[in-house]
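Here are the chains, one letter per residue:
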Amino acid sequence: MKKLLLASTILLVACSQAKSPADAAEPQPQASETAEAPAKPNITSQDLGGGFYMLLGPGGNIGVSTGDDGVYMIDDKFARFGQEIIDVVATLSDKPITYVLNTHHHGDHSGANVEMKAVGATIIAHDNVRSRMGISYMNEAFGQKQEARAAGLWPTLTFSEDLTLWFNGDEVRAIHTPAGHTDGDSIVHFVGANIVHLGDNYFNGSLPFVDVDSGGTIQGMIGAQQTAYDLSNDATQIIPGHGALSNKAELGESIKRLQAIHDRVKARKDAGESLAAITAADPLADMTDLESFMKKSDVIKATWRSLGGSK
Ligand SMILES: [Zn+2]
């Protein structure tokens, strides 16, 4: 019973956080990364087999590879969960966290970089992740300025296209997917384990977030999902940036949905309708159930801007 209560509490925390742009996803004011840590536990692990785990809880989903070489972690949530992540990983492996790859620059996927560096990890990311961490920009989706991040957070091993790490007996490919969720996203393919981490190019069970102000486009996000789809088979375990563990069939449905969003907005834009008129027409009415911290109007606006429409 105690276990059941605990699980319910975690679920409530996760759901309530997932409704809030302040915590679930997306560019975070730095103040939130230094806030006092809430009562534990926040982070839970899901065993994917073969020494692989997915860490759930507030912020982006983490992928963990454990083995003889050490721990390779994909993303690291917020700074305030850094120690808890380290503690959870210590229950999965007695080896150090050797590498952390940031799928993109947002603070809910890279917030604990300082804490991971402090335990000896090297932070890997696409060149644009490091570049974006160093600049302030206005995020139109949330109507707030995102401040440049402290240099101590920046990745120190960056790549311009793709990168392969041979680790724990597996071939781990980081594949840059241009202009998707942002312009710096990687999807990570554990070839032998048959696991793909999509970062925020895939929100499982909710509307997508295209960060146009960070170089993202819905067309690129469709392309990124298609790349992952083509790498997958029916047994592939797919880790989304947010939401539950997924699979190829669900990813296929997501691609169709993104394409529908694109096509519906484009048809109206091409016919000369304004953004306000398209939003008022509610072309995503059948997707109301997928609204979370991203509303249909946000997605229509991001698609409009992806198609070259002005803010
Ligand atoms: Zn993101």
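These numbers come from a predicted model, not from an experiment.

Chemist: Tell me about the nonpolar core, residues and numbers included.
Modeler: Membership of the largest hydrophobic core comes to 69 residues, with the highest contact counts inside it found for Leu-55, Val-64, Met-73, Ile-85, Val-100 and Leu-101. When near neighbours in sequence (up to four residues on either side) are disregarded, Val-64 contacts Phe-52, Tyr-53, Leu-55, Val-71, Met-73, Val-89 and Leu-92.

Chemist: Give me the sheet that holds strand E11 (residues 170-176): which residues, what numbers.
Modeler: Read from one edge of the open sheet, 5 strands run E10-E11-E12-E13-E14, paired in mixed fashion. Edge positions in the sheet fall to strand E10 (162-167) and strand E14 (237-239), since each has one partner strand and no second. Across the sheet, the mean angle from the axis of one strand to that of its neighbour is 15°, orientation sign disregarded. Here strand E13 (residues 195-197) pairs with E14 via 3 bridges, running parallel. Note that in E14 the partner of His-197 across the bridge is Ile-239. Where helix H7 (residues 218-231) meets the sheet, it contacts E11, strand E12 (186-190), E13 and E14, and its direction lies at approximately 5° from that of E12.

Chemist: Any chance you could break down the environment of Gly-111 for me, citing the residues and the numbers?
Modeler: Structurally, the position occupied by Gly-111 is in the loop between helix H4 (107-110) and helix H5 (113-118). With 27 C-beta atoms counted inside 10 Å, the residue Gly-111 sits in the buried group. On a C-alpha basis, the gap between Gly-111 and Leu-153 in space is 7.4 Å, while along the polypeptide they are 42 residues apart.

Chemist: So what's going on with the packing of H7 against helix H8 (residues 248-270)? Residues and values would help.
Modeler: Packed helices, taken two at a time, are described by their axes: the angle between them and the distance between them. With their axes 10 Å apart at the nearest point, H7 and H8 run at an angle of 160° to one another. Relative to H8, the element H7 is oriented roughly antiparallel. Crossing of H7 over H8 shows left-handed handedness. The residues of H8 that touch H7, namely those facing Ile-218, Gln-219, Met-221, Ile-222, Gln-225, Gln-226, Ala-228 and Tyr-229, are Lys-248, Leu-251, Gly-252, Ser-254, Ile-255, Leu-258, Gln-259, Ile-261 and His-262. Looking at the contact of H7 with H8 residue by residue, the classes come out as 9 nonpolar, 7 polar and 1 charged.

Procedures and definitions
- Residues numbered from 1 in each chain as written.
- Predicted model: local features only at pLDDT ≥ 70, side-chain atom pairs only at ≥ 80, totals over all residues.
- Core = buried A, V, L, I, M, F, W, Y, C linked by C-beta atoms within 7 Å.
- Buried ≥ 20, exposed ≤ 12 C-beta atoms within 10 Å, placed from the backbone.
- Contact = placed C-beta atoms within 7 Å.
- Pairing = 2+ DSSP bridges.
- Helix = DSSP H or I, 4+ residues; strand = E, 2+ residues; numbered from the N terminus.
- Axes fitted to C-alpha atoms, helices over the stretch in contact; angles between N-to-C directions.
- Parallel < 35°, antiparallel > 145°, perpendicular 65-115°, else oblique.
- Left-handed = near helix turned anticlockwise from the far one by under 90°.
- Nonpolar A, V, L, I, M, F, W, Y, C, P; charged D, E, K, R; others polar.

The analysis is restricted to geometry; functional conclusions fall outside its scope.
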